[in-house]
Amino acid sequence: MAKAEAPRTGKLARSAITGLAAARIGMAELGHRVRTPSAQAQAEHEAALGRILFGALGQLRGSALKVSQLLSMHPGLLPDGVRRELARAHHQAPPLNRALVGRVFRQAFGQEPEALFDHFEPTAFAAASLGQVHRAQLAGHGTVAVKVQYPGIAATITSDMQLMRAALRALAHTDMPLPADTVLDSVMAEIEATLLREVDYLQEAEQLQWFAQHAARPGVVMAQPILSHTRAQVLTQQLLPGLPLPAWLATQPSQALRDQAGQHLWDWFMHCIFVLGRVHADPHPGNFLFAPDGTVGVLDFGCTRSLSGEFRAQVAQAWSALLRLPTDPQRDALVLQAYQGLGLVKADLTVQAYAAELAPALAEMQAWQMEPFTQPVFDFGTKTPPPITAGRHQRVLGEHLMQVPGEMPAFERMWMGLMHLLTQLGARVRTHNPALLHGAAPQIF
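Computed from a predicted model, the values in this text were never measured in an experiment.

A.B. asks: How would you sum up the pattern of salt bridges? Please name residues and give values.
C.D. replies: This structure, assessed with the given rule, holds nine salt bridges. Between R98 and E112 there is a salt bridge, with its nearest N and O atoms 3.6 Å apart. Taken together, the positions of R98 in helix α5 (residues 98–109) and E112 in the loop between α5 and α6 (113–116) put the pair 14 residues apart, joining distant regions of the chain. The exposure class of E112 is partly exposed, given its relative accessible area of 29%. Residue D300 pairs with K147 through a salt bridge whose shortest N-O separation is 3.5 Å. Here K147 lies in strand β4 (residues 142–149) and D300 lies in the loop between β9 (296–298) and β10 (304–306), a separation of 153 residues in the sequence. In terms of burial, D300 and K147 fall into one category: buried. Put simply, R98, R106, E112 and E114 are held in one network by salt bridges that share partners.

What follows is the structure in structure tokens.
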């Protein structure tokens, strides 16, 4: 794999990349309009536009790849073909060369990593979009994990978000259905705030300490940060045992062990949502380790989100209403009431309009979200994939969705990531909750 250089931070160079992408989107749209309309042609067009966006973000590197990741985890925000292409950012992580690692340490500590640790491995053993992780030995702590941020990341966030908004505006000039500007703006604002928090490793150390103290539960472990060796661009923490999910599954764990690991994940996330009101909002498989006994280690607390009591109450009401029989006369009214409480739809939208227009557009995604609750023990080996939203339904969503509350993007990412994890595990999980079915705030434990 090629070594990564520091991302280009020059505004002119980065603007030229997105300007070229916008022009290519326009050319692709012209070519699409002269083709014979068909579902296959539309899918190919969406994928082509997604590749253009991803290509630009890949050249920008820095925080742009993280933006690509986060956007890909919002179902219904962008056309599915575009979203699938952006999801490729989860697999793009070229390592830093040794000189750049040394530069980060000199800026953070005034010395090389070899002077701070008894031993420091110069080759990273794990990488992500914003940084990479090295093993080291530290007196009194044994083997530790040292996360080193890519140089120049923080400096590119604000400009990258402006460039990404410009690229999305280019998409708005195509015939693809997109949400209203207010919806896109609220999601992009939340992503920008998330990135600004995530590049501050001192803030991540505080979050890690909080979760280790308040969110520890049987079968789930979190590392303690080592503050003496932590700065804004370098985070040192205990090294957790375990394997990444693909490597753990390659050991062919029994169904009982996969069920146990899945139950730990489910219980932990439900506890974080409805009891603690604070969630890990970046649950892709690379942020979890699996031990031989089914214990799960949780990594990377740079992306967390507090959930207000009002937000959790409205989510609980929406979920409990969606679990009612479709023939229940109160179902649509209760769902609409919760959505209006969240600020998702206009306050004057009537139940009749919701049932006739918005409910059909949301039906497949709602069913996918609620599927684990439909059985007391749900087999995630049978979990259906996230649905592909038809163009006509995306247009309806664009007309009726008014805004996205601040907590919603992180919550959607969390839920989609959890579903993906449990599906990969093929775990059978106890999900049944009588309180939820009867419309009360969930009392999971």
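Now that the structure is up, let's keep going.
A.B. asks: Tell me what's going on with the pairing of β4, and back it up with residues and numbers.
C.D. replies: Within β4, six of the eight residues are buried, leaving the element largely enclosed by the surrounding structure. Looking at chain direction, strand β3 (residues 131–138) and β4 are connected through eight bridges and run antiparallel. Looking at the pairing, L138 lines up with G142 of β4. Adjacent in sequence and paired antiparallel, β3 and β4 are bridged by three residues, among which G140 carries a positive phi angle near 85°. With five bridges joining them, β4 and strand β6 (residues 234–238) adopt antiparallel strand pairing. Of the residues in β6, the one forming a bridge with V148 is V234.

A.B. asks: Give a detailed account of the packing of aromatic side chains, specifying residues and quantitative values.
C.D. replies: One pass over the structure, following the stated rule, counts 21 aromatic pairs. Arranged with centres 6.0 Å apart and planes meeting at 45°, the rings of W319 and F411 form a pair that is tilted. Here F411 lies in helix α16 (residues 408–425) and W319 lies in helix α12 (residues 309–322), a separation of 92 residues in the sequence. An angle of 75° between the planes, with centres 6.4 Å apart, marks the rings of Y339 and Y354 as edge-to-face. In this pair, Y339 is assigned in helix α13 (residues 331–342) and Y354 in helix α14 (residues 351–370), connecting sequence segments 15 residues apart. Taking the relative accessible area as the measure of exposure, Y339 reaches 10% and is therefore buried. Among the residues examined, Y354 registers a relative accessible area of 1% and is labelled buried.

A.B. asks: I'd love a proper account of the packing of helix α11 (residues 255–276) against α16, names of residues and values included.
C.D. replies: Geometrically, a packed helix pair is captured by the angle between its two axes and the distance between the axes. Interaxial distance between α11 and α16 falls to 9 Å at its minimum, and their mutual angle equals 170°. Taken as axis vectors, α11 and α16 run roughly antiparallel relative to one another. Handedness of the α11/α16 crossing: left-handed. Listed contacts from α16 to R258, A261, G262, L265, W266, F269, M270 and I273 of α11 are F411, M414, W415, L418, M419, L421, L422 and L425. Split by residue class, the contact of α11 with α16 holds 14 nonpolar, one polar and one charged.

A.B. asks: Go over α13 with me, naming the residues and quoting the values.
C.D. replies: Look at α13: 17 Å from first C-alpha to last across 12 residues, which is about the 16 Å you get at 1.5 Å a residue. Along α13, the residues classified as buried are R331, V335, L336, A338, Y339 and L342. Angularly, the buried residues of α13 cover 160° about the axis, an arc narrow enough to put them on a single face. The inward-facing, buried residues of α13 abut α12, α14 and α16. Directly after α13, the chain includes G343, whose backbone phi takes a positive value near 80°.

A.B. asks: With reference to specific residues and values, describe the pairing of β3.
C.D. replies: If a strand is regular, its side chains alternate between the two faces of the sheet. Among the eight residues in β3, six count as buried, and that is most of the element. Note: strand β1 (residues 119–120) against β3, two bridges, orientation antiparallel. Bridging from a neighbouring strand, F120 pairs with A136 of β3. As defined by bridge partners, strand β2 (residues 126–127) adjoins β3 across two bridges and the pair is classed as antiparallel. Bridge pairing in β3 links A126 to V133.

Cut-offs used in this document
- Residues numbered from 1 in each chain as written.
- Predicted model: local features only at pLDDT ≥ 70, side-chain atom pairs only at ≥ 80, totals over all residues.
- Heavy atoms only, no water.
- Salt bridge = Lys/Arg side-chain N within 4 Å of Asp/Glu carboxyl O.
- Helix = DSSP H or I, 4+ residues; strand = E, 2+ residues; numbered from the N terminus.
- Buried < 20%, exposed > 50% of the residue type's maximum accessible area, 1.4 Å probe, protein only.
- Pairing = 2+ DSSP bridges.
- Phe/Tyr/Trp six-rings, centres within 6.5 Å; stacked < 30°, edge-to-face > 60°.
- Axes fitted to C-alpha atoms, helices over the stretch in contact; angles between N-to-C directions.
- Parallel < 35°, antiparallel > 145°, perpendicular 65-115°, else oblique.
- Left-handed = near helix turned anticlockwise from the far one by under 90°.
- Contact = heavy atoms within 4.5 Å.
- Nonpolar A, V, L, I, M, F, W, Y, C, P; charged D, E, K, R; others polar.
- Expected span 1.5 Å × (residues − 1).
- Arc of directions from axis to C-beta.

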